Amino acid sequence: MPDQRTVPDQPVIPGQSGGGLSVSGGNRAAARKLRSRGRRRRRTALLIAATVCLGGVVGVGIPMMKHYEIPPFSQKGEPINFGTTVATGPGGGGGTAVKAAADTVLPTGPETPWRIAHTLDDGTHIAVATITGKKSGYTGKVWVWAPKEYGDPKYAHSGFPVLIALPGGPGFNDNYWADPGLKLEQSISSWYRSGKSKPFLLAMPVLNPGPDDHDHYWDGSDIPGQPKMGTWLADDIPDLMKQNFRTLKSRDGWAFMGSSSGGFAGLKTVLQYPDRFKAVLASGPDIVPDSPFWKGHEKEQQQNNPQVLAGQLIARKGPDVYLAFQVGTAEGRTTISAIKNFIASYGNRGPVHTTLNLIPGGRHNAYTYVPAMGTGPLQWISDQLEGPTPSA
């Protein structure tokens, strides 16, 4: 059967007849030269094509690998510190002394061995470490992030406000606010530039000491006989931020945010410790503590009930707290009603200040809550908080 492969056109050799196969010695040399030239041209063409393809891979592939943090184009896992010196003297870490603004607390140390978890497009880093709380005794992961302004020389002597961001769902062994896909960090930077937010330091701890299996959740509280998750959130996490960052002395530099059970924990903690924390942004939160671990501990359960705590704060006439709520209109009626009833009973009475952001079509998830934060609630709590203060 004839060969069906395509046969390339043969070069026309001077002195060769169209149908003859006999070629003189001179013409053979000419033929070899032409064939050699043709091979060189093909090799050059192939090299050019390969170069173009490689350029395409490099031009497109490397940015994509950087975006998805694929080695070797990733800093994930590398050690990081946040470029701050620690205070000298009693309790300090012995670092270089820095003149601080009057309302600022310099890092006390010791410095936490942070590792890069994610690198954002603006060059800032989300870092992670596993720590053991000195007061709670609990060991868990914490993610942190500092905005670009934190490294700006004009803020070198100033503390920054801290926002402790708590997840819903299992809340173990992760915290979804540290996922750059949600764009919380990027949004805070954008909102700050547009005057809608403070340039917060973010602390993003795990919420629970174990997986949320069979209704195993801890309400961000010190339930008798269980890990002290209330102390973890109210004491150990602020202490960790003070060890590593320039923070603010007063409660005007401390706030919570969270969704679902994380929103409950933030709401409860602000009402429980209004001398330490001034505000919370609670999205789709639970309103009452309902962990199954409270069984047999009704007294302690009521001591962690936002309804009881709000009533006690009103009776004491202060200090003032600012509670911003968000809820999507497509969420469950029970969630929406509980939030509205809490605001009707305790909101804007004496020291308890409240605001509610209804999100049209919003559902019970962080993808609903993050964009909605920028429509007013985050600015509302930011207006109650301090700093940072630029150098003169």
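Provided above is the structure to which this section pertains.
Residues numbered from 1 in each chain as written. Predicted model: local features only at pLDDT ≥ 70, side-chain atom pairs only at ≥ 80, totals over all residues. Heavy atoms only, no water.

### Some details on the packing of aromatic side chains
This model, assessed by the stated rule, comprises 11 aromatic pairs. Where tyrosine 150 meets phenylalanine 160, the ring centres are 5.1 Å apart and the plane angle is 65°; that geometry is what we call edge-to-face. With tyrosine 150 in the loop between strand S5 (139–145) and strand S6 (162–166) and phenylalanine 160 in the loop between S5 and S6, this pair connects stretches of sequence that are 10 residues apart. Joined through ring pairs, the aromatic side chains of Phe82, Tyr150, Tyr155, Phe160 and Phe245 make up one cluster. (Phe/Tyr/Trp six-rings, centres within 6.5 Å; stacked < 30°, edge-to-face > 60°. Helix = DSSP H or I, 4+ residues; strand = E, 2+ residues; numbered from the N terminus.)

### Observations regarding the sheet that holds strand S9 (residues 254–259)
The 10 strands are arranged S1-S3-S4-S5-S7-S6-S9-S10-S11-S12 in an open sheet whose pairing can be described as mixed. At either end of the open sheet lies a strand with only one pairing partner, and these are strand S1 (79–80) and strand S12 (352–359). Pairing of S9 with strand S10 (residues 279–283), which is carried by 5 bridges, proceeds in the parallel orientation. Counted as the bridge partner of methionine 257 is leucine 281 from S10. With respect to the sheet, helix H4 (residues 261–272) is in contact with S6, S9, S10 and strand S11 (321–328), its orientation differing from that of S9 by roughly 155°. (Pairing = 2+ DSSP bridges. Contact = heavy atoms within 4.5 Å. Axes fitted to C-alpha atoms, helices over the stretch in contact; angles between N-to-C directions.)

### Section: the pairing of S11
Counting buried residues along S11, 8 of its 8 residues qualify, which places the element largely inside the surrounding structure. Along S11, one buried face is formed by Val321, Leu323, Phe325 and Val327 and the opposite face, lined by Tyr322, Ala324, Gln326 and Gly328, is buried too. Note that S10 and S11 share 5 bridges and pair parallel. Opposite alanine 279, over in S11, you have tyrosine 322 as the bridge partner. Note: S11 against S12, 8 bridges, orientation parallel. By the bridge assignment, glutamine 326 is partnered in S12 with asparagine 357. Tracing the backbone out of S11, into helix H7 (residues 333–346) and back to the parallel element S12 gives a crossover that is right-handed. (Buried < 20%, exposed > 50% of the residue type's maximum accessible area, 1.4 Å probe, protein only. Right-handed = clockwise from strand over helix to strand, strands pointing away.)

### Focus: H4
Helix length check: H4, at 12 residues, gives a terminal C-alpha distance of 16 Å against a target of 16 Å (1.5 Å per residue), a fit within 8%. If you check which residues of H4 are buried, you get Ser261, Gly262, Gly263, Phe264, Ala265, Gly266, Leu267, Lys268, Thr269, Val270 and Leu271. (Expected span 1.5 Å × (residues − 1).)

### What to know about helix H8 (residues 366–373)
Within H8, 6 of the 8 residues are buried, which leaves it mostly tucked inside the rest of the structure. Along H8, the positions that sit buried rather than exposed are Ala366, Thr368, Tyr369, Val370, Ala372 and Met373. As for H8, its buried residues are in contact with helix H2 (184–193), S9, S10, S11, S12 and helix H9 (377–382). Two or three places before tyrosine 367, at the start of H8, stands the capping residue asparagine 365, its side-chain oxygen 3.1 Å from that residue's backbone nitrogen. (Polar contact = N/O pair within 3.5 Å; in protein donor to acceptor, adjacent residues only side chain to side chain.)

### Some words on the packing of H2 against H8
H8 packs onto H2 with a crossing angle of 10° between their chain directions and a minimal axis gap of 10 Å. Classified by the angle between their axes, H2 and H8 sit roughly parallel to one another. Judged by residue contacts, Leu184, Ser187 and Trp191 of H2 engage Val370, Pro371 and Met373 from H8. Grouping the amino acids of the contact of H2 with H8 by side-chain chemistry returns 5 nonpolar, 1 polar and no charged. (Parallel < 35°, antiparallel > 145°, perpendicular 65-115°, else oblique. Nonpolar A, V, L, I, M, F, W, Y, C, P; charged D, E, K, R; others polar.)

### What about the layout of surface pockets?
Each pocket or cavity is described by its volume, and for the second largest pocket that value is around 270 Å³. When residues of the lining of the second largest pocket are traced back to their parent elements, those giving at least two are strand S4 (125–132) and helix H3 (229–244). Its residues assigned to classes, the lining of the second largest pocket shows 5 nonpolar, 7 polar and 4 charged. (1 Å grid on protein atoms, 1.4 Å probe; cavity = no way out; pocket = protein on both sides within 12 Å on 5 of 7 lines; lining within 4 Å. Points joined across faces, edges and corners; volume = space filled by probe spheres on them.)

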